[in-house]
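The lines below spell out each chain.
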Amino acid sequence: MNGLAALISKEGEEVSEPLARMLEAMKHRGDYSYGFAGYRGTLISGSLSEAGEVSSWAMLGCCNGRLLPGDLEQPLEQYGYALALDGRIYPPPGTPDALIVAELLGQRPEERVRRLLGEVNGSYALIVLREDRLICARDPLGVTPLYVGENERWVAVASERKALWSIGIASPRSLPPGHVAEVSRKDVVLRPIRVLTPPEVRRIGMEEAVGRLGELLYRAVDVRTRGLDRVAVGFSGGLDSSLLAHLVDECGVGVDLISVGVEGSGDIEEAVEGAEAIGLPYHIEVHGEEEVEETLEEALLCVEEPDPMKVGVAIPLLWVAERTMGLGDRVLLLGQGCDELFGGYWRHLREYLQRGAEAAQGLIFRDVSGAYERNYERDNKVSARHGVELRLPFADWDLTQFALSLPIELKLPREEGLPRKRVLRALAERVGLPSRIVKRRKKAIQYSTGVEKALRRIARRRGLSLRGFLEKRFREALSARGFDAVVGCV
């Protein structure tokens, strides 16, 4: 896990100082070292103050984390350009991810980055600095965040919005998944390379679908845990996280199940029962309402917007990530993406029953396509806050393509009151998960942990709606950190 930042001055100014500010704003993503690249060369340092040694009017920087012994300090320099990578290539290469990417780009990064996106699976973001322009790319499902923005002085790219806010860019936008962005002082040109499109629906029965799904999901877990001794799994005791934990164990990797909740939330008991049923070590944290409020500002700054749903998820996930790091686990697996793929939401069933299979397939596809903005970016930034690398087995390209092609009747029942995600439940039953886990109904984390109710109570005591309360706290947090250009946009 790294923090990427790149900056071009529209007027030819030296940019080392604003680049250092960008990296300072997200140094939680990697404090092992800092890397800078400009026309004077490339420098790796333990201090942000040395960015001026290679200063120019176009620069690339990296906050370097070091999860695995072979992780390289970046940017790398070759053939007259510099590059920096955040994320992973799957399956894991025998040599460091960044070096594999560098070798693939070779002497023609403009051309070869399209090949990278089109042929190589992974969860990553990439920035190349070549003379006076940037070449940026993001994995086809958008698991790893990357934002682009500009103002009257700068055009810039970074792993988190706050890095762009730090130099007065108030409204950064997400680089769309599967796209290459060519950035110059004059414009940003986007080119789609590998993006999701609705696949043709397969003619396939439940038994065959379960078999193929099992193979793909096992492989998705295996490639994301290979080379690791132990990982953490955010665990609710429900279908998605139980199946994920079981498959990690099947891959021969140690597992720590982590469950969190607010006092009085009944789902903690279900998490304990689920962990004991599958026989894996678990860790339970119960937090008070005052801890919800204490964590709120941190959650808002991670999410980078006052959205009630996103903040309600971010708070318990911050607790999970903090416990993950406390246990010495540097990788956290979550079941994000599962509900979008397999019809896990009530709205999917309602669409199916009211408007038919084609409409429900379309809604599921839109939910999968938009998951990067709704879920993945949030969860990556929240996990990174505690130095934890997030990996999402359900957000796997091959698994996604297969799941989207399944007939809707393998996902959704034909009447209300019956469990959704039928094919996933059939897989869980086949691998031997207990019946109470297979049949357990879905509850969103913000509700099951009790965080959403706690936030509403806190807001009510201040005479505000939940959204109004979050917007007020967000503006205060931004102002306290000098992000004044953003305050007026909230």
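Nothing here was measured: the structure is a model prediction, and the numbers come from that model. (Residues numbered from 1 in each chain as written. Predicted model: local features only at pLDDT ≥ 70, side-chain atom pairs only at ≥ 80, totals over all residues. Heavy atoms only, no water.)

Draft legend 1. Inspection of the sheet that holds strand 14 (residues 230-234) at higher detail. With respect to topology, five strands assemble into an open sheet ordered 16-15-14-17-18, the strand pairing being parallel. A strand with exactly one partner marks an edge of an open sheet, and here the two such strands are strand 16 (282-287) and strand 18 (389-391). When the angles between neighbouring strand axes are averaged without regard to direction, this sheet yields 30 degrees. Looking at chain direction, strand 14 and strand 17 (residues 331-333) are connected through two bridges and run parallel. When the sheet's bridge partners are listed, Ala-232 is paired in strand 17 with Leu-332. In this fold helix 6 (residues 239-250) packs onto strand 14, strand 15 (254-262) and strand 17, with an angle of close to 170 degrees to the strand it touches most, strand 14. (Pairing = 2+ DSSP bridges. Helix = DSSP H or I, 4+ residues; strand = E, 2+ residues; numbered from the N terminus. Axes fitted to C-alpha atoms, helices over the stretch in contact; angles between N-to-C directions. Contact = heavy atoms within 4.5 Å.)

Draft legend 2. Structural view of the sheet that holds strand 3 (residues 41-45). Spatial ordering of the open sheet is given by 3-2-4-1-10-9-11, a layout of seven strands whose pairing is antiparallel. Each edge of the open sheet is held by one strand with a lone partner, namely strand 3 and strand 11 (173-174). Bridging between strand 1 (residues 2-9) and strand 4 (residues 58-64) involves seven bridges; their strand directions are antiparallel. Paired with Leu-4 across the bridge in strand 4 is Cys-62. Lying over the sheet, helix 1 (residues 16-25) contacts strand 1, strand 2 (33-38), strand 4 and strand 10 (154-158), oriented at roughly 155 degrees with respect to strand 1.

Draft legend 3. Spatial organisation of the pattern of salt bridges. Under the counting rule described, the total for this entry stands at 43 salt bridges. One salt bridge connects Glu-304 with Arg-161, and the closest N-O pair in it is separated by 3.9 Å. You can see Glu-304 sitting in the loop between helix 8 (289-303) and helix 9 (308-326) and its partner Arg-161 sitting in helix 4 (residues 161-165), a full 143 residues away along the chain. Here Glu-304 matches Arg-161 in class, with each residue buried. With its nearest N and O atoms 3.1 Å apart, the salt bridge here joins Asp-396 to Arg-224. Linking Asp-396 in the loop between strand 18 and helix 14 (397-404) with Arg-224 in helix 5 (residues 206-225), this pair joins segments that are 172 residues apart in sequence. Through salt bridges that share partners, Arg-29, Asp-86, Glu-160, Arg-161, Lys-162, Glu-304 and Lys-381 make up one connected network. (Salt bridge = Lys/Arg side-chain N within 4 Å of Asp/Glu carboxyl O. Buried < 20%, exposed > 50% of the residue type's maximum accessible area, 1.4 Å probe, protein only.)

Draft legend 4. How the structure looks around unusual backbone geometry. The step from Gln-74 to Pro-75 runs through a cis peptide bond, and the omega angle for that step is 10 degrees. Relative to the helices and strands, Pro-75 resides in the loop between strand 4 and strand 5 (76-78). Backbone torsion omega between Tyr-90 and Pro-91 reads -5 degrees, so that peptide bond is classified as cis. The residue Tyr-79 is not glycine, and still its phi comes out positive at about 50 degrees. Of note in the backbone geometry, Lys-421 takes a positive phi value of approximately 60 degrees without being a glycine. Looking at the secondary structure, you find Lys-421 in the loop between helix 14 and helix 15 (422-430).

Draft legend 5. Region of interest: the side chain of Glu-285. Assignment of secondary structure puts Glu-285 in strand 16. One polar contact links Glu-285 to His-287, side chain to side chain, over a distance of 2.9 Å. Residues within four places of Glu-285 in sequence aside, it is in contact with Ser-259, Val-260, Gly-261, Ile-268, Trp-319 and Arg-323. (Polar contact = N/O pair within 3.5 Å; in protein donor to acceptor, adjacent residues only side chain to side chain.)

Draft legend 6. Broad picture of the packing of aromatic side chains. For the structure shown, the criterion picks out three aromatic pairs. Judged by centre distance (6.2 Å) and plane angle (65 degrees), the ring pair of Trp-165 and Phe-474 falls under edge-to-face. Here Phe-474 lies in helix 19 (residues 466-480) and Trp-165 lies in helix 4, a separation of 309 residues in the sequence. Using a relative accessible area of 3% as the deciding quantity, one classes Trp-165 as buried. Residue classification places Phe-474 among the buried residues on the basis of a relative accessible area of 2%. By the ring-pair criterion, three or more aromatic residues cluster together here, those being Trp-165, Phe-474 and Phe-483. Seen from the ring of Trp-57, Arg-185 lies directly overhead, with NZ or CZ sitting 4.0 Å from the centre. Just above the ring of Tyr-345 sits the side chain of Arg-347; from NZ or CZ to the centre is 4.3 Å. (Phe/Tyr/Trp six-rings, centres within 6.5 Å; stacked < 30°, edge-to-face > 60°. Lys NZ or Arg CZ within 6 Å of the ring centre and 35° of its normal.)

Draft legend 7. Representation of the packing of helix 2 (residues 97-105) against helix 3 (residues 109-119). Across the interface, helix 2 lies against helix 3 with an axial gap of 8 Å and an inter-helix angle of 125 degrees. Considered as vectors, helix 2 and helix 3 are oriented oblique to each other. Mapping the contact onto sequence places Val-101, Glu-103, Leu-104 and Leu-105 in helix 2 and Pro-109, Arg-112, Val-113, Arg-115 and Leu-116 in helix 3. Across the contact of helix 2 with helix 3, the residue classes break down as six nonpolar, no polar and three charged. (Parallel < 35°, antiparallel > 145°, perpendicular 65-115°, else oblique. Nonpolar A, V, L, I, M, F, W, Y, C, P; charged D, E, K, R; others polar.)

Draft legend 8. Focus on the nonpolar core. In terms of nonpolar packing, the biggest core is built from 98 residues, with Leu-257, Val-292, Ile-315 and Phe-342 touching the most fellow members. Top contributing element to this core by residue count: helix 9, with eight residues. Grouped together as the second largest cluster of nonpolar side chains are 23 residues, Ala-5, Val-15, Met-22 and Tyr-147 included. (Core = buried A, V, L, I, M, F, W, Y, C linked by side-chain atoms within 4.5 Å.)

Draft legend 9. Geometry of the side chain of Ser-123. Examined against the element boundaries, Ser-123 turns out to sit in strand 7 (residues 122-130). With relative accessibility at 7%, the residue Ser-123 sits in the buried group.

Draft legend 10. Expanded view of the packing of helix 11 (residues 346-355) against helix 12 (residues 357-369). Axis separation between helix 11 and helix 12 bottoms out at 7 Å; the angle between their running directions is 155 degrees. Relative to helix 12, helix 11 is oriented roughly antiparallel. In the packing of helix 11 onto helix 12, the handedness of the crossing is right-handed. Contacts between helix 11 and helix 12 pair Arg-347, His-348, Glu-351, Tyr-352 and Arg-355 from the former with Ala-357, Ala-359, Ala-360, Leu-363, Ile-364 and Asp-367 from the latter. When its residues are assigned to classes, the contact of helix 11 with helix 12 shows six nonpolar, one polar and four charged. (Left-handed = near helix turned anticlockwise from the far one by under 90°.)

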